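Given next are the chains, with one letter for each unit.
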Amino acid sequence: MVTMWWPCLVLALLSGLETSGFPRSPVRLLGKRSLPEGVVDGIEVYSTKISCKVTSRFAHNVVTTRAVNRADKAKEVSFDVELPKTAFITNFTLTIDGVTYPGNIKEKEVAQKQYEKAVSQGKTAGLVKASGRKLEKFTVSVNVAAGSKVTFELTYEELLKRHKGKYEMYLKVQPKQLVRHFEIDAHIFEPQGISMLDAEASFITNDLLGSALTKSFSGKKGHVSFKPSLDQQRSCPTCTDSLLNGDFTIVYDVNRESPGNVQVVNGYFVHFFAPQGLPVVPKNIVFVIDISGSMAGRKIQQTRDALLKILDDMKQGDYMNFIMFSTDVTTWKDSLVQATPANLEEARTFVRSIRSGGGTNINDGLLRGIRMLTDAREQHLVPERSTSIIIMLTDGDANTGESRPEKIQENVRNAIEGKFPLYNLGFGNNLNYNFLETMALENHGLARRIYEDSDANLQLQGFYEEVANPLLTNVEVEYPENAILDLTKNNYPHFYDGSEIVVAGRLVDSDMNNFKADVKGHGALNDLTFTEEVNTEKIILGTEDELSTFSWLDTVTVTQTGLSVTINRKKNMVVSFGDGVNFVIILHQVWKKHPLHQDFLGFYVVDSHRMSAQTHGLLGQFFHPFDFEVFDIRPGSDPTKPDATMVVKNHRLTVTRGSQKDYRKDASIGTKVTCWFVHNNGEGLIDGVHTDYIIPSLF
């Protein structure tokens, strides 16, 4: 349930090399004919759909591409999907001529070895690799016989993170050819309600976008659909190539009536915390800048441009300094100075004079910056209610002074001692990014790669904007010890304006129905505590526009046209509609100190004979009689539970005798009845498979 979406997604299908020796026995070869529009090298991608469902910031995304080989010989087709580095793949399948081949998800190290082995044996295999600023590339190739169809489906999930006051869903669209049916379909459900929703595309004019794009939101639901026609995809009115090559972005935010919001589902909870309107905590910031010879040229110029813009955003209550390292380490000032207008102007002059040359002494540069921040705090040179931050920018590996990554990490960790965060920015690809990332994470910060593009200065500036406005420091999220069993990270050195703290956990049985969440932190003016009372026994009835909240301690009946809902105190809830059709929801309470069981709701259909013959679903398919036979009763693996053979729906199943509780007559303890248990998730008894009846969201 802990939630998000993707910062970025790229979808591409590339037709590859012709192959020989592909099995052709089931293949119908195609004669020469004029190929339909959108065919590239014999391969037609006739459908591409990105289907996204977001519930409470957690995104479930399915990418489906369908293609057909219209050539008269077998082809190798490669599918490339670029997905966010923070996403995780949950499933992928290839379907060729109606036969589905499921993939196996492996850890990265194991996957790399199995991928290399599969490729060497000529087998179909896919692998995820880093690609671009926020992406990892998933690639799989398959031989497709002449006339055959192939469907590629990738499912991945991700928790949406909030940046600069909004959740951003960033898709890089790149189908590489005209696609008859191209669609992006996003459904968003946020229990707090959606406050804003927008979408735009960098590769299409607003006029064309407007006719292909629909977006709407109301209450808790939002929807975005992008469905360009073939003509809208063309790069020009008579062109056969696609203009769908760029960024498609969806942004939204939620209503915030209070700083925190706790949502509870099935014994788990997620706590969102994002206060607004707090004064900004003054910051003491040291920039540790690599000016070695490798930074010469555009990189040092872009660094100067970014620092000048950052100086424009400094607040007068902030303190700052610059430390430059190459072979040696130099500083602008001996200690931190306040960001007064005069000091800022002097700083701009200094930044414009920065030149590059020499080696890369990361260790001494960082230690000098850490000591400067520590001394400023110990010597009371900065305000008591301020926070310290160190930001390092480098484009290479250490080659002067201490150059061992592990030793540098140890030195930095011992010097900082957890007092403030370290943010590492890696400029370009010729560096040990894992070293920078590990060192930052060890010191409550993060690393970011700055790409050597024309917008590198904007990348630097954008990162600074994320950390420029701390609203709280030393944030602790606390819960009663007897209420929580498991918990994710619940302490943060900073809360920045426009971001969000997310904590998830599992509830214990002893205090499952009610608990309190406290968020404590140091603000710019005083210490603050935010308290959220959580009650999991609420019953909410009504429409989105008019809701009524009750509990299991109430006795009440709510009636609307054709529908009646009755709550019987601490017993059940009866829903009646139509011609006397009743559903009963029973609150089953168990011993609070039971080591395993917990309270649960039972859903019962009382008048199934009144339901239509067309009723279906996991329960509905059994509302009307069906034929079955049980015979050959024999000993099972458990002497008290015999096995038997059941013939039902033309399937021959092994079933096991057991017992179950029937609560229709006695809602408190139930009546014990004997029954036959069907194995393998009801396979053979239910229509289809059990996963057909599971959906990620009811909305």
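Residues numbered from 1 in each chain as written. Predicted model: local features only at pLDDT ≥ 70, side-chain atom pairs only at ≥ 80, totals over all residues. Heavy atoms only, no water.

Q: What am I meant to see in the overall build of the chain here?
A: The helix and strand tally for the chain stands at ten helices and 43 strands. Split into buried and exposed, the 699 residues of the chain put 46% on the buried side. A separation threshold of at least 6 residues defines the contact pool for the chain, and within that pool the share at least 24 residues apart is 66%. Total accessible area on the chain stands at roughly 35200 Å², and carbon and sulfur atoms take up 50% of it. (Helix = DSSP H or I, 4+ residues; strand = E, 2+ residues; numbered from the N terminus. Buried < 20%, exposed > 50% of the residue type's maximum accessible area, 1.4 Å probe, protein only. Contact = heavy atoms within 4.5 Å. Areas by Shrake-Rupley, 256 points an atom, 1.4 Å probe, with all protein chains shown as cover.)

Q: For this particular structure, what's the right way to read the packing of helix H4 (residues 298-313) against helix H5 (residues 341-352)?
A: In a packed pair of helices, the relevant descriptors are the angle between the two axes and the axis-to-axis distance. Relative to each other, H4 and H5 sit at 175 degrees, their axes nearing to 9 Å. Viewed along their axes, H4 and H5 adopt a mutual orientation that is roughly antiparallel. Residue-level inspection shows Arg304, Leu307, Leu308, Leu311 and Asp312 of H4 in contact with H5, the latter providing Leu344, Ala347, Arg348, Val351 and Arg352. The class makeup of the residues in the contact of H4 with H5 is six nonpolar, no polar and four charged. (Axes fitted to C-alpha atoms, helices over the stretch in contact; angles between N-to-C directions. Parallel < 35°, antiparallel > 145°, perpendicular 65-115°, else oblique. Nonpolar A, V, L, I, M, F, W, Y, C, P; charged D, E, K, R; others polar.)

Q: Help me understand the pairing of strand E10 (residues 149-159), please; the structure alone is not making it clear to me.
A: Along a regular strand, successive side chains alternate from one face of the sheet to the other. Counting buried residues along E10, eight of its eleven residues qualify, which places the element largely inside the surrounding structure. Bridge analysis of strand E6 (residues 88-96) against E10 gives eight bridges, and the strand direction is antiparallel. By the bridge assignment, Thr93 is partnered in E10 with Glu153. (Pairing = 2+ DSSP bridges.)

Q: It is not clear to me how the sheet that holds strand E28 (residues 484-487) should be interpreted in this structure. Could you clarify?
A: Strands in a sheet are paired, the pairing made by backbone hydrogen bonds, and the direction either parallel or antiparallel. The antiparallel open sheet is built from four strands, whose spatial order is E18-E19-E30-E28. Sheet topology places strand E18 (260-265) and E28 at the edges, where each strand pairs with a single neighbour. With direction set aside, neighbouring strand axes in the sheet form an average angle of 25 degrees. With six bridges joining them, strand E19 (residues 268-273) and strand E30 (residues 501-507) adopt antiparallel strand pairing. Across the sheet, Phe269 pairs through a bridge with Gly505, a residue of E30.

Q: What exactly am I supposed to notice about the side chain of Asn443 here?
A: Looking at the secondary structure, you find Asn443 in the loop between helix H8 (433-442) and strand E26 (447-450). Of note is the side chain of Asn443, whose polar atom sits 2.8 Å from the backbone oxygen of Met439. Discounting residues that sit within four places of it in the chain, Asn443 has contacts with Val412, Arg413, Ile416, Phe420, Pro421 and Leu422. (Polar contact = N/O pair within 3.5 Å; in protein donor to acceptor, adjacent residues only side chain to side chain.)

Q: Looking at this model, I keep getting lost on the state of the cysteines. Mind explaining?
A: One covalent bond between the sulfur atoms of two cysteine residues makes up a disulfide. Per the counting criterion, the structure on display carries one disulfide. Paired through a disulfide, Cys236 and Cys239 show a sulfur-sulfur distance of 1.8 Å. Taking the sign of the S-S torsion, 95 degrees for the link of Cys236 and Cys239, the bridge is right-handed. Assessed through its relative accessible area of 25%, Cys236 is described here as partly exposed. (Disulfide = S-S within 2.5 Å.)

Q: How should I be thinking about the sheet that holds strand E43 (residues 671-678) in this particular structure?
A: The strand order across the open sheet formed by four strands is E40-E41-E42-E43, and the pairing between neighbours is antiparallel. Two strands bound the open sheet, and with one partner strand each, they are strand E40 (628-638) and E43. Across this sheet, the average inter-strand angle for adjacent strands is 35 degrees, counted without regard to direction.

Q: Would you explain the side chain of Gln409 in this entry?
A: Following the sequence through the fold, Gln409 ends up in helix H7 (residues 405-416). Setting aside anything within four residues of it in sequence, one finds Gln409 in contact with Phe435, Thr438, Met439 and Glu442.

Q: Quick question: what am I supposed to make of the environment of Leu507 here?
A: As for its placement among the helices and strands, Leu507 is situated in strand E30. C-alpha separation for the pair Leu507 and Val264, spaced 243 residues apart in sequence, amounts to 9.1 Å.

Q: For this particular structure, what's the right way to read the environment of Ile43?
A: Within the secondary structure, Ile43 is located in strand E3 (residues 43-55). Distance from Ile43 to Val77, taken between C-alpha atoms, is 8.0 Å for residues 34 residues apart in sequence.

Q: Would you mind showing me how to read helix H6 (residues 362-378) here?
A: Since the α-helix packs 3.6 residues into each turn, any two residues three or four apart lie on the same face. For H6, built from 17 residues, the straight-helix expectation of 24 Å at 1.5 Å per residue is met to within 8% by its first-to-last C-alpha distance of 24 Å. Burial in H6 covers these residues: Ile362, Asn363, Gly365, Leu366, Gly369, Ile370, Met372, Leu373, Thr374 and Ala376. (Expected span 1.5 Å × (residues − 1).)

Q: Just checking my understanding: could you explain the pattern of salt bridges for this structure?
A: Side-chain pairs of opposite charge can arise where the charged atoms are in close proximity. For the coordinates displayed, the defined rule picks out 29 salt bridges. Residue Glu402 pairs with Arg404 through a salt bridge whose shortest N-O separation is 2.9 Å. The class of Glu402 is buried, set by a relative accessible area of 18%. Relative accessible area serves as the criterion here: at 49%, Arg404 is assigned to the partly exposed category. The partner of Arg413 in a salt bridge is Glu442, and the shortest N-O contact between them spans 2.9 Å. With Arg413 in helix H7 and Glu442 in helix H8, this residue pair connects regions lying 29 residues apart in the sequence. Owing to a relative accessible area of 35%, Arg413 belongs among the partly exposed residues under this scheme. Bridged by salt links that share partners, the residues Arg57, Arg162, Glu190, Asp253, Arg256 and Glu500 form one connected network. (Salt bridge = Lys/Arg side-chain N within 4 Å of Asp/Glu carboxyl O.)

Q: How should I be thinking about helix H9 (residues 456-467) in this particular structure?
A: The first and last C-alpha atoms of H9 sit 18 Å apart over twelve residues, in line with the 16 Å expected at 1.5 Å per residue. All of the buried residues in H9 are Ala456, Asn457, Gln459, Leu460, Gln461, Gly462, Phe463, Tyr464 and Val467.

Q: Help me understand the pairing of strand E17 (residues 246-254) in this model?
A: The buried fraction of E17 is high, at eight of nine residues. Where strand E12 (residues 166-173) meets E17, seven bridges bridge the pair, whose relative direction is antiparallel. Bridge pairing in E17 links Val173 to Gly246. Sheet topology places strand E14 (residues 194-201) next to E17; seven bridges connect them, and they run antiparallel. Considered in E17, the bridge of Ala199 is made with Ile250.

Q: Teacher, can you tell me more about the packing of aromatic side chains here?
A: Between two aromatic rings, the relevant description is the distance of the centres plus the angle of the planes. One pass over the structure, following the stated rule, counts 16 aromatic pairs. Between Phe203 and Phe226 the ring centres are 6.1 Å apart and the planes differ by 65 degrees, which places this aromatic pair in the edge-to-face class. In this pair, Phe203 is assigned in the loop between E14 and helix H2 (206-212) and Phe226 in strand E16 (residues 221-226), connecting sequence segments 23 residues apart. The same class applies to Phe203 and to Phe226, which are both buried. Taken together, the ring pairs connect Phe287, Phe322, Trp332, Phe350 and Tyr464 into an aromatic cluster. Across the ring face of Phe272, the terminal group of Arg57 is positioned such that the distance to the ring centre comes to 3.7 Å. The ring centre of Trp676 lies 4.2 Å from the NZ or CZ of Arg657, which sits over that ring. (Phe/Tyr/Trp six-rings, centres within 6.5 Å; stacked < 30°, edge-to-face > 60°. Lys NZ or Arg CZ within 6 Å of the ring centre and 35° of its normal.)

Q: What should I look at first to understand the nonpolar core in this one?
A: Looking at soluble globular proteins, one finds that nonpolar side chains tend to be buried together. If you look at the biggest cluster of nonpolar residues, it comprises 52 residues, and the most contacted ones within it are Phe203, Phe226, Phe248 and Tyr252. Those residues in contact with Phe248 that lie beyond four places of it in its chain are Met169, Tyr170, Leu171, Val173, Ile184, Ala199, Glu200, Ala201, Phe203, Leu213, Val224 and Phe226. Grouped together as the second largest cluster of nonpolar side chains are 37 residues, Ala306, Met324, Ile391 and Val467 included. (Core = buried A, V, L, I, M, F, W, Y, C linked by side-chain atoms within 4.5 Å.)

Q: Which parts of the structure should I look at to understand the packing of H7 against H8?
A: Where H7 contacts H8, the axes come no closer than 10 Å and their chain directions differ by 20 degrees. On the basis of their axis angle, the class for H7 and H8 is roughly parallel. In this structure, the crossing between H7 and H8 has a hand that is right-handed. Contacts from Pro405, Ile408, Gln409, Val412 and Arg413 in H7 reach Phe435, Thr438, Met439 and Glu442 in H8. (Left-handed = near helix turned anticlockwise from the far one by under 90°.)

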